[in-house]
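As a plain string of letters, each chain reads:
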Amino acid sequence: GAVVSQHPSWVICKSGTSVKIECRSLDFQATTMFWYRQFPKQSLMLMATSNEGSKATYEQGVEKDKFLINHASLTLSTLTVTSAHPEDSSFYICSATELSEDFNQPQHFGDGTRLSIL
Amino acid sequence: QQQVKQSPQSLIVQKGGISIINCAYENTAFDYFPWYQQFPGKGPALLIAIRPDVSEKKEGRFTISFNKSAKQFSLHIMDSQPGDSATYFCAAQLTGFQKLVFGTGTRLLVSP
């Protein structure tokens, strides 16, 4: 159980285009989803926290106009990288926590999206 | 104070040996400590987690030891196998928040 699916797994696009990444919880309802960025051989850096039906909360230094997050349902959150440039190339990973009375629910991660901007 | 320090950065263990990865934290408000395993090109997968009211938790070959007074916790992988070769991240979660603070990661290589 607790499967998080991320799509696409790999995308290459030209500089200046926008790219949308989807994150779905397949077998559970997720009130909260998280978006991370990971550079090679580094740890995960939290970009934003996404709550269903409300605006995302961005971490300090993350441009909210650059990284648009939408959490329209309890099973789907999307991250759109707008006007992408080569420096946006990275591994983007989402995670989700189950709806529960227990606040310390584990985060379940998707398999990430490798984004390459040419 | 929000950091979680992880060591070693990399580790080589022979097959059948014990792999030990250590983490330390400063903020006593952390109350949930998971360990994640990540293979190249994949997302992290939850291995095992512990809360501060327990000093040890074991699941199969994986054991977390937790020292609340020292603000340290560690992952022990018994009978390490080549398939355990991956990057391991410790993490900590603050009371009342769902955000995780991740350690810097440990690249484990188990030699055949």
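Structure first, text after, so check above.
Residues numbered from 1 in each chain as written. Chains lettered and ligands numbered in written order. Predicted model: local features only at pLDDT ≥ 70, side-chain atom pairs only at ≥ 80, totals over all residues. Heavy atoms only, no water.

Undergrad: Is there a simple way to explain the packing of aromatic side chains in this structure?
TA: Aromatic ring pairs: the centre-centre distance and the angle between the two ring planes describe each pair. One pass over the full model with this rule turns up 16 aromatic pairs over all chains. Ring geometry for Tyr 36 of chain A versus Phe 109 of chain A: centroids 5.4 Å apart, planes at 45°, classification tilted. Highlighted residues: Tyr 36 of chain A in strand β4 (residues 30–38) and Phe 109 of chain A in strand β10 (residues 108–109), separated in sequence by 73 residues. Judged on exposure class, the residue Tyr 36 of chain A and its partner Phe 109 of chain A are both buried. Put simply, the rings of Tyr 25, Phe 30, Phe 33, Trp 35, Phe 66 and Phe 73 of chain B touch in pairs and so form one group of aromatic residues. (Phe/Tyr/Trp six-rings, centres within 6.5 Å; stacked < 30°, edge-to-face > 60°. Helix = DSSP H or I, 4+ residues; strand = E, 2+ residues; numbered from the N terminus. Buried < 20%, exposed > 50% of the residue type's maximum accessible area, 1.4 Å probe, protein only.)

Undergrad: How do you make sense of the state of the cysteines when you look at a structure like this?
TA: On inspection of all chains with the given rule, the structure shows 2 disulfides over all chains. Paired through a disulfide, Cys 23 of chain A and Cys 94 of chain A show a sulfur-sulfur distance of 2.0 Å. Measuring the twist about the S-S bond at about 80°, one finds the Cys 23 of chain A-Cys 94 of chain A disulfide to be right-handed. Residue Cys 23 of chain A is found in strand β3 (residues 19–25), and its partner Cys 94 of chain A is found in strand β9 (residues 90–98); the two are separated by 71 residues along the sequence. For Cys 23 of chain B, the disulfide goes to Cys 90 of chain B, at an S-S distance of 1.9 Å. Its S-S torsion of about -95° marks the bond between Cys 23 of chain B and Cys 90 of chain B as left-handed, since a negative value means left-handed. Separated by 67 residues along the polypeptide, Cys 23 of chain B in strand β3 (residues 19–25) and Cys 90 of chain B in strand β9 (residues 86–94) bring together distant segments of the chain. (Disulfide = S-S within 2.5 Å.)

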